[in-house]
Amino acid sequence: MTTTQALFLRPVRAAAALALSLLCAAAIAHSFSVGAIAIGQPFATPSIAGTANGAAYLQSLENTGTAPDRLVRASTPAAARVELHTMSVDAQGVMRMREIDGIALAPKAKIQMQPGTGIHMMLVGLKAPLKEGTSFPMTLQFERAGTVDVTVVVREPKAENAASGAHTH
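Residues numbered from 1 in each chain as written. Predicted model: local features only at pLDDT ≥ 70, side-chain atom pairs only at ≥ 80, totals over all residues. Heavy atoms only, no water.

1. Some remarks on the nonpolar core
Within the largest apolar cluster, 32 residues are counted, with the highest numbers of intra-cluster contacts made by Met 121, Leu 123, Phe 136, Met 138, Leu 140 and Phe 142. For this core, the elements supplying multiple residues, two or more each, are strand 2 (37–44), strand 3 (53–63), strand 4 (69–75), strand 5 (79–89), strand 7 (103–105), strand 9 (119–126), strand 10 (135–142) and strand 11 (146–154). With five residues, the top contributor of residues to this core is strand 3. Those residues in contact with Phe 136 that lie beyond four places of it in its chain are Ala 44, Thr 76, Ala 78, Leu 123, Leu 130, Val 150, Thr 151, Val 152 and Val 154. (Core = buried A, V, L, I, M, F, W, Y, C linked by side-chain atoms within 4.5 Å. Buried < 20%, exposed > 50% of the residue type's maximum accessible area, 1.4 Å probe, protein only. Helix = DSSP H or I, 4+ residues; strand = E, 2+ residues; numbered from the N terminus. Contact = heavy atoms within 4.5 Å.)

Here is the structure:
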């Protein structure tokens with residue numbers, strides 16, 4: 001490499017490194033808040049071919065305040081409706097889901113939503129399949145904190161869930 005080439009490439013490499021670090025920071029900072037509620041990394045799993053439903057999760061949902069709150073509703077233009085669901089597996093190994101009227105958040109409480117575990121948001125009547133790498137808007141409504149618009153990123157579940165054999169939608 002000539003000295004001229006090296007001098008030319010130095011600022012190009014610096015710009016590329018800066019762009020990469022900004023992208024990484026944006027991915028890590030995929031969080032939202034409203035009032036005392038902190039919402040970390042909303043995501044959905046890719047939908048299964050031929051199905052009209054999907055599932056969305058919040059990597060973390062935290063009430064940083066001193067008063068209780070509840071997530072009471074969610075909506076998105078990506079589906080006809082969003083239902084708050086809980087999931088459990090009975091003694092015979094049968095998975096059971098049921099719609100719930102809200103997700104309670106005690107003061108200073110933090111919950112996580114993961115595929116195959118407990119609480120999730122069921123996307124009913126998807127208007128298009130959920131494809132990995134895409135995103136869609138969702139509005140979350142809390143009883144006390146109010147409403148917040150978030151961006152839900154479609155991605156495969158993390159490896160720890162897949163390795164455990166956890167069920168995904």
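2. Some words on unusual backbone geometry
In this model, Gln 41 sits at a positive phi of 50°, which is unusual for a non-glycine residue. Position of Gln 41 among the secondary structure elements: in strand 2. Its relative accessible area of 26% is what places Gln 41 among the partly exposed residues. Positive phi outside glycine occurs at Lys 108, with the angle close to 65°. Along the chain, Lys 108 turns up in the loop between strand 7 and strand 8 (110–111). A relative accessible area of 57% places Lys 108 in the exposed class.

3. Looking at the pattern of salt bridges
Applying the stated criterion across every chain, the model contains four salt bridges. Members of the salt-bridge network, linked through shared partners, are Arg 70, Asp 101 and Glu 143. (Salt bridge = Lys/Arg side-chain N within 4 Å of Asp/Glu carboxyl O.)

4. Looking at the packing of aromatic side chains
Applying the stated criterion across every chain, the model contains one aromatic pair. With a centroid separation of 5.2 Å and an interplanar angle of 25°, the aromatic rings of Phe 43 and Tyr 57 are classed as stacked. With Phe 43 in strand 2 and Tyr 57 in strand 3, this pair connects stretches of sequence that are 14 residues apart. As far as burial versus exposure is concerned, Phe 43 and Tyr 57 are alike and both buried. Seen from the ring of Phe 43, Arg 155 lies directly overhead, with NZ or CZ sitting 3.7 Å from the centre. (Phe/Tyr/Trp six-rings, centres within 6.5 Å; stacked < 30°, edge-to-face > 60°. Lys NZ or Arg CZ within 6 Å of the ring centre and 35° of its normal.)

5. Brief notes about the pairing of strand 11
When strand 2 meets strand 11, the two strands line up parallel, connected through two bridges. Paired with Phe 43 across the two strands is Val 153, which belongs to strand 11. (Pairing = 2+ DSSP bridges.)

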